[in-house]
Amino acid sequence: MFSRKAAQPDDSCNASPYFLQHDHQFHAVSFSGGKDSTAMLLLMIERGLPIDLVLTADTGMEFPEMYRHWDRVEQYLFQKCGLKLTILRHPKGFEWLMFDEPKTKLSSLENRAMLGVPPYGNGWPGVKVRWCTGQLKTHLLRKEVNRLKGEYHALHYVGIAADEPDRIRQDQYPLVEWGITEQQALQICYAHGFDWSGLYELYGRCSCWCCPFQRIGELRTLRRHHPQLWAHLREMDSRALSQFGHTPLGQFKKDWTVEALERRFAYEEQNGIRIPPERKKKRNWRNR
């Protein structure tokens, strides 16, 4: 997906040779593909800031439009800096973790025995255990960044906007330093010709398409605009219920299975209505 035809990079940014020739700290950029990290990367290139490595973690469950966006950004990055994305992936992937990963901790085995569920698979991510973010993104990125910090005293650049101060830790935050908000970051991306094929016009945040933390409206949009992904989500929902039952591991959302949402959305379509959120608990199709 990320192979490229040969091209000669221009001199827009100080890429790897900066570190090798000047013996400075290593400059590692985290890139999720969202508006903030994209805007940060574009401005770092535009302003000639040093970049030695651009890291991203692939969950395997991103929207097709997001993968195309990564593809375009990588082409731009190579053209300007002679760099490609360094993509980190879990060796087994999302669905293996969800359905097949063996559990070995005694406490986990005892809890599953009480619930009557198999000793393998993590089930749907939950508020208390967001294993997806941890195993498919955070752990992979943190391990690599810590290695770079240890070996090269690397500086780590993270795309957090100026209006998200509670997310700031001890890394480098160019958007915060430049006073660029989330909305401004999105407009910067659009101005540079990166529009995710309209993905941000459909969804507030471009997380994984199978994320159970999506709002009902976003799931309704998924069903309408990405029917193949919706069909896959229904298959995953059916498998989770079969394997884990109506437990926290098997239930897509606290009050909804995907199949119940399918009935709700179909009912709305057939009757030309949209059920207000406060009425959903009065409907009896939720737990059929």
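Further up the page is the structure itself.
This write-up is about the structure you can find in this document.

Considerations on the overall build of the protein
In terms of helices and strands, the protein carries twelve helices and four strands. Across the 288 residues in the protein, those meeting the buried criterion constitute 49%. When contacts within the protein are restricted to residue pairs at least 6 apart in sequence, long-range pairs at least 24 apart make up 66% of them. Working note: accessible area of the protein is about 15300 Å², and carbon and sulfur atoms make up 50% of it.

Remarks on the pairing of strand β3 (residues 85-89)
Alignment of strand β2 (residues 53-58) against β3, held across five bridges, turns out to be parallel. Bridging from a neighbouring strand, L55 pairs with T86 of β3. Taking the sense of rotation as the criterion, the β-α-β connection linking β2, helix α3 (residues 64-81) and β3 turns out right-handed.

Details of the sheet that holds β2
One open sheet accounts for four strands, arranged β3-β2-β1-β4; its pairing is parallel. Looking along the sheet, the strands with just one partner apiece sit at the ends: β3 and β4 (155-157). Each adjacent strand pair in this sheet contributes to an overall mean axis angle of 30°, direction not counted. Contacts between α3 and the sheet are confined to β2 and β3, with β2 contributing the most and set at about 170° to the helix. Its contacts with the sheet put helix α6 (residues 131-152) on β1 (27-30), β2, β3 and β4, and the angle it makes with β2 is roughly 155°.

How each quantity is defined
- Numbers given to residues run from 1 along each chain, matching the order in which its sequence is written.
- Two thresholds apply to this predicted model, a pLDDT of at least 70 for residue-level local features and 80 or more for giving and counting side-chain atom pairs, whereas whole-chain, interface and lining totals are computed over all residues.
- As a rule here, side-chain values come from all non-hydrogen atoms in the structure, and water together with hydrogens is ignored.
- For helices the rule is a DSSP run of H or I covering at least 4 residues; for strands it is a run of E covering at least 2, with both sets numbered from the N terminus onward.
- Classification of residues uses two cut-offs on accessible area relative to the type maximum, computed with a 1.4 Å probe and protein chains only: under 20% is buried, over 50% is exposed, and between them is partly exposed.
- Should any heavy atoms of two residues lie within 4.5 Å, those residues are considered in contact.
- Note on areas: Shrake-Rupley, 1.4 Å probe, and residue coverage restricted to the protein chains presented here.
- Strand pairing is assigned whenever DSSP identifies at least 2 bridges connecting the two strands.
- Place the viewer so that the strands point away; then a crossover is right-handed whenever the path from the first strand over the helix to the second strand goes clockwise.
- As a rule, the C-alpha atoms of each element are fitted with a line to give its axis, helices using only the stretch in contact, and angles between N-to-C directions run from 0 to 180 degrees.

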